[in-house]
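Single-letter residue listing:
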Amino acid sequence: MMKAKPGLIGKAVFTIALIVFLCSFSVIICRLIDSYRSDRLYRSIRNAHDAYDLMLDREKNEILYDTFFFSPSAQMRDNIQKLLDEGKYEEAEKLAQAQRIAKEMREAELRRQKLAIVSSLKRTNGDFVGWISIEDTNVSYPVVQGRDNSYYLDHDVNRRRSSHGSIFMDFRDDVSDISGPEGCNIVIYGHMMRDGSMFHDVNLYKDRRFFDEHPIITLEIFPNTYTFRVFSTYVTSPDFDYIQTNFPSKNEFTGFLNEIKRRSRFSSGASLNTGDTVLTLSTCGYEFDNARIAVHAKLIK
């Protein structure tokens with residue numbers, strides 16, 4: 001039997017190593033490109049959404065100018081008070097009415113602009129159902145809802161393949177009446193990406209201080225905005241059906257509420273009943289194989 005020459009073995013090993021290196025390098029490059037595209041896509045959508053919220057915040061802080069007199073709202077109040085002090089009640093009422101009309105016009109304009117943003121997202125993807133955000137985190141994303149819970153695991157909101165996927169609602173959920181009298185479990189999924197995007201920051205709820213200081217999750221199902229308060233978080237396996245959305249009886253829903261509250265790492269002191277709407281955030285964890293991080297919040301308004 002002929003022995004292979006040392007030179008040929010060395011070349012073979014080098015060739016195999018080179019192929020492995022090039023394959024690994026190409027995978028890394030593809031992931032970086034995918035991460036860049038995902039970040040650019042969601043950043044552009046977020047900027048449009050946040051522009052509206054910025055205007056809304058300015059409304060709340062009374063920075064907007066009165067339509068008729070081009071003076072700050074605070075100055076307008078001073079003018080009204082001055083008329084009242086002078087006994088000119090009719091003029092003061094007219095001025096106050098003008099201010100109310102101006103504010104109503106501005107609010108209507110803000111609603112129109114928000115509707116334009118929503119309509120644009122709907123035209124891009126008819127599966128768009130809302131927006132989720134958590135203060136002081138990167139969680140500020142459009143929410144879509146597909147025909148199953150698989151498609152948006154690897155497709156972005158433009159229906160283009162992406163390892164980042166989308167933030168998506170369980171296809172079994174019906175959000176037409178979130179605040180209705182019957183309790184329900186609204187489940188929203190997202191990948192915990194190592195680049196800090198998507199539902200990566202849901203992992204922060206494992207920290208007691210973060211859990212206590214960031215209890216509010218905002219879910220917009222246009223034209224309504226819903227506020228949820230976090231009451232439970234834990235790591236689990238898929239063996240526990242924390243993503244159950246349909247409950248045949250109130251007793252079964254009560255058992256579900258008691259269990260997700262019992263499993264929590266931290267106590268929130270929240271009281272739950274069968275009329276509550278629960279929001280569940282679900283993402284992958286790295287504590288063990290097939291681990292899941294669950295965060296549950298209760299609708300408060």
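Quantities reported herein were computed from a predicted structural model and do not represent experimental measurements.

## Considering the pairing of strand 5 (residues 216-221)
Part 1: As paired strands, strand 1 (residues 128-134) and strand 5 are joined by 4 bridges and run antiparallel to one another. Its bridge partner being in strand 5, S133 is matched across the sheet by T218.
Part 2: Inspection of the sheet shows strand 5 paired to strand 6 (residues 224-236) by 6 bridges, in the antiparallel sense. Among the inter-strand pairings, E220 is bridged to a residue of strand 6, identified as T225.
Part 3: Between strand 5 and the antiparallel strand that follows it, strand 6, lie 2 residues.

## Some remarks on helix 5 (residues 250-262)
Part 1: End to end, helix 5 covers 18 Å across 13 residues, agreeing with the expected 18 Å (1.5 Å per residue, within 8%).
Part 2: Buried within helix 5 are the following residues: F253, F256, L257 and I260. Buried residues of helix 5, seen end-on, are gathered within an arc of 100° and therefore sit on one face of the element. Residues of helix 5 that are exposed and point over 90 degrees away from its buried face: N251 and R262.
Part 3: Among the structural elements, strand 4 (184-189), strand 6, strand 7 (277-284) and strand 8 (292-299) are those in contact with the buried residues of helix 5.

## Focus on the pattern of salt bridges
Part 1: The final tally for this structure, using the stated rule, is 10 salt bridges.
Part 2: One salt bridge connects R209 with E213, and the closest N-O pair in it is separated by 3.1 Å. Of this pair, R209 and E213 both sit in helix 4 (residues 208-213), 4 residues apart, roughly one helical turn.
Part 3: Take E213: its relative accessible area is 49%, and that puts it in the partly exposed class.
Part 4: A salt bridge links R262 to E259; its shortest N-O distance comes to 2.7 Å. Taken as a pair, R262 and E259 lie in helix 5 at a separation of 3 residues, close to a single helical turn.
Part 5: When its relative accessible area of 59% is taken as the criterion, R262 is described as exposed.

## Digging into the packing of aromatic side chains
Part 1: Inspection of the entire model under this criterion finds 10 aromatic pairs.
Part 2: Relative to F210, the ring of Y205 lies with its centre 4.9 Å away and its plane at 80°, an arrangement referred to as edge-to-face. Here the two residues Y205 and F210 agree in accessibility, since each one is buried.
Part 3: Arranged with centres 6.4 Å apart and planes meeting at 15°, the rings of F253 and F256 form a pair that is stacked.

Rules behind the numbers
Residue positions are given per chain, counted from 1 along the sequence in the order it is written. With the structure being a predicted model, the display of local features is reserved for residues of pLDDT at least 70 and the display and counting of side-chain atom pairs for 80 or more, all residues being used for whole-chain, interface and lining totals. Side-chain metrics rest on all non-hydrogen atoms present in the structure, leaving aside hydrogens and water. By the convention used here, strands pair only if DSSP detects at least 2 bridges between them. Working definition: helices are DSSP H or I runs of at least four residues, strands are E runs of at least two. Numbering for both runs from the N terminus. To estimate how far a helix should reach, multiply one less than its number of residues by 1.5 Å. For the exposure calls, accessible area comes from a 1.4 Å probe over protein chains only, and a residue counts as buried if that area is under 20% of its type's maximum, exposed if over 50%, partly exposed in between. The arc in question is formed by the directions pointing from the helix axis toward the C-beta atoms. By the convention used here, residues are in contact when the closest approach between their heavy atoms is within 4.5 Å. In what follows, salt bridge is the name for a side-chain nitrogen of Lys or Arg lying within 4 Å of a carboxyl oxygen of Asp or Glu. Classification of ring pairs uses Phe, Tyr and Trp, with its six-membered ring standing for Trp, and accepts pairs whose centres are within 6.5 Å; under 30 degrees between planes counts as stacked, over 60 as edge-to-face, and the remaining range as tilted.

Any functional reading would require information beyond the geometric quantities listed.
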